[in-house]
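Descriptive analysis of the structure
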Amino acid sequence: MFPHAKDSEPFVVVIDDDESVREALRGLFQSVGLVTEIYASVQDFLDGGQLDRAGCIVLDIRLPGRSGLEFQEALARSGAAHSVVLISAHVDVQMAVRAMKAGAIDVLTKPVREQDLLEAVNRALAKDQQRRGEAKLNQALATRYATLSERERQIFVLVAAGLLNKQIAERAAITEATVKLHRSQVMKKMEAESLPDLVRMADRLARVESSPKL
């Protein structure tokens with residue numbers, strides 16, 4: 001129905017029940033080289049299966065069915081952290097505060113100034129690029145961590161906690177020589193260049209593990 005971006009290329013999504021607004025915004029974004037898809041409702045967008053590839057979602061606050069604000073708050077609760085720019089003909093203070101607390105990049109009042117909207121979308125895309133970079137790094141670390149044996153994972157945790165080899169040996173009931181061997185393997189498999197590097201990896205993995213799931 002709509003022209004699709006390449007599978008690896010994030011794009012701008014416009015969700016608005018006013019067809020003239022949808023088409024105008026698609027024209028604006030495409031004029032500056034942004035691949036854009038348009039939808040009349042949140043459900044239409046979700047049915048299209050493009051949520052993961054959306055780099056920025058320009059969302060009308062008042063929509064039939066699920067409102068734009070409700071959808072944005074649901075995304076925030078899920079931990080999806082998508083970059084959202086909200087627009088509406090009527091924006092009150094309470095609504096704007098709710099949107100910003102849920103992580104909206106901006107809340108703009110229709111008719112929206114083109115420059116204001118383009119600046120908000122560019123900020124949203126920059127934030128999304130950072131989010132995708134973080135996700136890629138998290139996946140790479142998880143893949144490396146999966147290569148560790150059960151004993152190596154134990155050593156990884158203890159080393160990252162700041163324990164000395166002697167303390168680790170006592171905790172794990174193995175010799176210091178064995179600790180050094182496992183420690184070397186952990187550093188190699190995790191591609192850690194130093195102890196501080198390994199500690200940062202452990203911290204990142206712990207944060208990913210505790211993150212809300214979709």
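Throughout what follows, the structure given in this document is the object of discussion. (Residues numbered from 1 in each chain as written. Predicted model: local features only at pLDDT ≥ 70, side-chain atom pairs only at ≥ 80, totals over all residues. Heavy atoms only, no water.)

Things to note about the side chain of D197
For clarity, the threshold we go by: Where helices and strands are cited, they refer to DSSP runs of H or I of at least four residues and of E of at least two residues respectively, numbered from the N terminus. A contact between two residues is defined here by any heavy atoms of the two lying within 4.5 Å.
Summarising the element assignment, D197 is placed in helix 9 (residues 195-209). If we skip the residues at most four places from it in the chain, D197 touches E191 and A192.

Focus: the side chain of R22
Note on placement: R22 falls in helix 1 (residues 19-31). Setting aside residues up to four positions removed in sequence, R22 forms contacts with V14, D16, D17, I38, Y39 and A40.

What about helix 4 (residues 93-101)?
What counts is decided by this rule: Polar contact is the term for a pair of N or O atoms within 3.5 Å; when the atoms are in protein, one must be able to donate a hydrogen and the other to accept it, and sequence-neighboring residues count only if both atoms are side-chain atoms.
Backbone nitrogen of Q94 and a side-chain oxygen of the N-cap are separated by 3.3 Å at the start of helix 4; the cap is D92. Note on helix 4: the residue one or two positions beyond its end, G103, has a positive phi of about 100 degrees.

Describing the packing of helix 7 (residues 165-172) against helix 8 (residues 176-190)
The condition that has to hold: Angles run from 0 to 180 degrees between N-to-C directions of axes, and those axes are lines fitted to C-alpha atoms, restricted for helices to the stretch in contact. Oblique is the label for any angle not covered by the other classes, which are roughly parallel (under 35 degrees), roughly antiparallel (over 145) and roughly perpendicular (65 to 115). Lys, Arg, Asp and Glu make up the charged group, whereas Ala, Val, Leu, Ile, Met, Phe, Trp, Tyr, Cys and Pro make up the nonpolar group; the residues left over, Gly among them, are polar.
Here helix 7 crosses helix 8 at 105 degrees, and the two axes come no closer than 9 Å. The angle between helix 7 and helix 8 places the two elements in the roughly perpendicular class. Packed against helix 7, whose contacting residues are N165, K166, I168 and A169, the element helix 8 presents E176, V179, K180 and R183 at the interface. The class makeup of the residues in the contact of helix 7 with helix 8 is 3 nonpolar, 1 polar and 4 charged.

A short note on the sheet that holds strand 2 (residues 36-39)
Quick note on the threshold: When DSSP finds at least two bridges between two strands, those strands are taken to pair.
Within the open sheet, the 5 strands sit side by side as 2-1-3-4-5. Their pairing is parallel. One side of each edge strand has no neighbouring strand; the edge strands of this open sheet are strand 2 and strand 5 (106-109). Recorded for the sheet is a direction-independent mean angle of 20 degrees between the axes of neighbouring strands. Across 5 bridges, the pairing between strand 1 (residues 11-15) and strand 3 (residues 54-60) is parallel. Of the residues in strand 3, the one forming a bridge with V14 is V58. Taken strand by strand, helix 3 (residues 68-78) contacts strand 1, strand 3 and strand 4 (84-88), and its axis lies near 145 degrees from that of strand 3. Sheet strands in contact with helix 5 (residues 114-146) are strand 1, strand 3, strand 4 and strand 5, and its direction is about 140 degrees off that of strand 3.

Some thoughts on the pairing of strand 2
Here is the rule: Burial status follows relative accessibility: with a 1.4 Å probe on protein chains alone, a residue under 20% of its type maximum counts as buried, one over 50% as exposed, and anything between as partly exposed. Handedness rule for crossovers: strands pointing away from the viewer, path from the first strand over the helix to the second running clockwise, crossover right-handed.
Residues T36 and I38 of strand 2 are buried on one face, and the alternating residues E37 and Y39, pointing to the opposite face, are buried as well. Inspection of the sheet shows strand 1 paired to strand 2 by 4 bridges, in the parallel sense. Opposite V14, over in strand 2, you have I38 as the bridge partner. Handedness of the crossover joining strand 1 and strand 2 through helix 1: right-handed.

Overview of unusual backbone geometry
In this structure, P111 follows K110 across a cis peptide bond, with omega equal to -10 degrees. Locating P111 in the fold gives a position in the loop between strand 5 and helix 5. The backbone phi angle of A173 is positive, close to 60 degrees, even though this residue is not glycine. Structurally, A173 can be placed in the loop between helix 7 and helix 8. Of note, the phi angle at E191 is positive, near 60 degrees, even though the residue is not glycine. Turning to its location among the elements, E191 is positioned in the loop between helix 8 and helix 9.

Some thoughts on the packing of helix 6 (residues 150-160) against helix 7
Formally: In this scheme the handedness of a crossing depends on how the near helix is turned from the far one: anticlockwise by less than a right angle means left-handed, clockwise means right-handed.
It is at 10 Å that the axes of helix 6 and helix 7 come closest, and there the two elements cross at 135 degrees. It follows that helix 6 is oblique to helix 7 by the angle criterion. Every pair of crossing elements has a handedness; the one defined by helix 6 and helix 7 is right-handed. For the pair helix 6 and helix 7, contact is made by R151, Q154, I155, L158 and V159 and by I168, R171 and A172, respectively. Considering only residue class, the contact of helix 6 with helix 7 consists of 5 nonpolar, 1 polar and 2 charged.

Everything listed here is a matter of geometry and, on its own, says nothing about what the molecule does.
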